[in-house]
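Each chain, letter by letter, is given below.
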Amino acid sequence: GAGVSQSPRYKVAKRGQDVALRCDPISGHVSLFWYQQALGQGPEFLTYFQNEAQLDKSGLPSDRFFAERPEGSVSTLKIQRTQQEDSAVYLCASSPSRGLGNEQFFGPGTRLTVL
Amino acid sequence: AQTVTQSQPEMSVQEAETVTLSCTYDTSENNYYLFWYKQPPSRQMILVIRQEAYKQQNATENRFSVNFQKAAKSFSLKISDSQLGDTAMYFCAFMNLHANFGNEKLTFGTGTRLTIIP
C-alpha cells in the first residue's frame, strides 16, 4: 500500500516568500505529526493533529508557521515570510491511532532552502 | 521535558561484524516507549525496533536487539552480522505515553552515522 507522501520534495524560496508544504498520510491514520530536521540534527517536533483537530502546536518556532488538516487527511504546513533559519527538511509522519506507542510512519520529507 | 543523547556521531564496522550504538535519555516519567529509527540516505525514516518501558525483556527483531537498562536510562542498539544495507543514520527516540491530549510525539537524539565497510 501507499506510504506517507510529501510534496514538493525540494523547495527553494527567497527570503520573505511564503511556502506551503503538503503531506498525504496513510489512509485512515488518525494521528499526524510534523517535524523539522536541521542539517546534521535529529528531527524536532513541530505540531500534532488528531483527525482534523490540532491538539499541540507547541513546537512551532514562531507565528510565521501555520499548519492545518481541515478534513482529517491531507495536511499543509505553511511558512510565511521565510527566513534563512527556516532552511531544513520538514518531515511528516502518521500513525493509525493514539495510545500503545504506535509506530509513526514517515514521509520522505521536503527539503526547504531559503536564500 | 525529556532529552535523548547519542554520544557517537559516527561509527564504522566491517561487514558481518557486530556493532552497538549507544543512547541515554532523561525523563521523570515511568510509562514510555523507546525506539530506534533508521534513516538511509534517501531520507525516509524507518522503524527498526521498539521497547516498552514496563517490559523487562529486551526487544529483538532478527539481527537487531536492544539492551534496555531502565534504572540507568540507557537504550543501546546491537546490530549483528552487519550488512551493507545497514549503512544509515540511526536515531534513538523517546515517546511519553502521558503527554497532554494524547500527543505521542517523538523526542529524537542527534543520531549516529553508521557505515558498513565491505
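Residues numbered from 1 in each chain as written. Chains lettered and ligands numbered in written order. Predicted model: local features only at pLDDT ≥ 70, side-chain atom pairs only at ≥ 80, totals over all residues. Heavy atoms only, no water.

1. Description of the overall build of chain B
Okay, step 1: Counting its regular elements, chain B contains 0 helices and 12 strands.
Okay, step 2: Its helices and strands taken in sequence order, chain B reads β-β-β-β-β-β-β-β-β-β-β-β from the N to the C terminus.
Okay, step 3: Each principal axis of the C-alpha atoms in chain B carries an extent, and together these give about 45 × 30 × 25 Å.
Okay, step 4: Out of the 118 residues belonging to chain B, those deemed buried represent 48%.
Okay, step 5: Long-range pairs, those at least 24 residues apart, make up 56% of the contacts in chain B between residues at least 6 apart in sequence.
Okay, step 6: Per element, the accessible surface of chain B, about 5,800 Å² overall, is 45% carbon and sulfur.
Okay, step 7: Chain B carries 10 positive and 10 negative side-chain charges, and their two centres are separated by 5 Å. (Helix = DSSP H or I, 4+ residues; strand = E, 2+ residues; numbered from the N terminus. Buried < 20%, exposed > 50% of the residue type's maximum accessible area, 1.4 Å probe, protein only. Contact = heavy atoms within 4.5 Å. Areas by Shrake-Rupley, 256 points an atom, 1.4 Å probe, with all protein chains shown as cover. Lys, Arg positive; Asp, Glu negative; His and termini not counted. Charge placed at Lys NZ, Arg CZ, Asp CG, Glu CD.)

2. Some points on the sheet that holds strand 7 (residues 65-68) of chain A
Residues and elements named next belong to chain A.
Okay, step 1: Taken in spatial order, the 4 strands make up an open sheet running 1-3-8-7, and their pairing is antiparallel. Two strands lie at the open edges of the sheet, namely strand 1 (5-7) and strand 7, each paired on one side alone. Taken pair by pair, the neighbouring strands of this sheet meet at an average axis angle of 15°, ignoring direction.
Okay, step 2: Sheet topology note: the strand 7/strand 8 (residues 75-79) ladder contains 4 bridges and is antiparallel. The partner of Glu68 across the bridge, within strand 8, is Thr76. (Pairing = 2+ DSSP bridges. Axes fitted to C-alpha atoms, helices over the stretch in contact; angles between N-to-C directions.)

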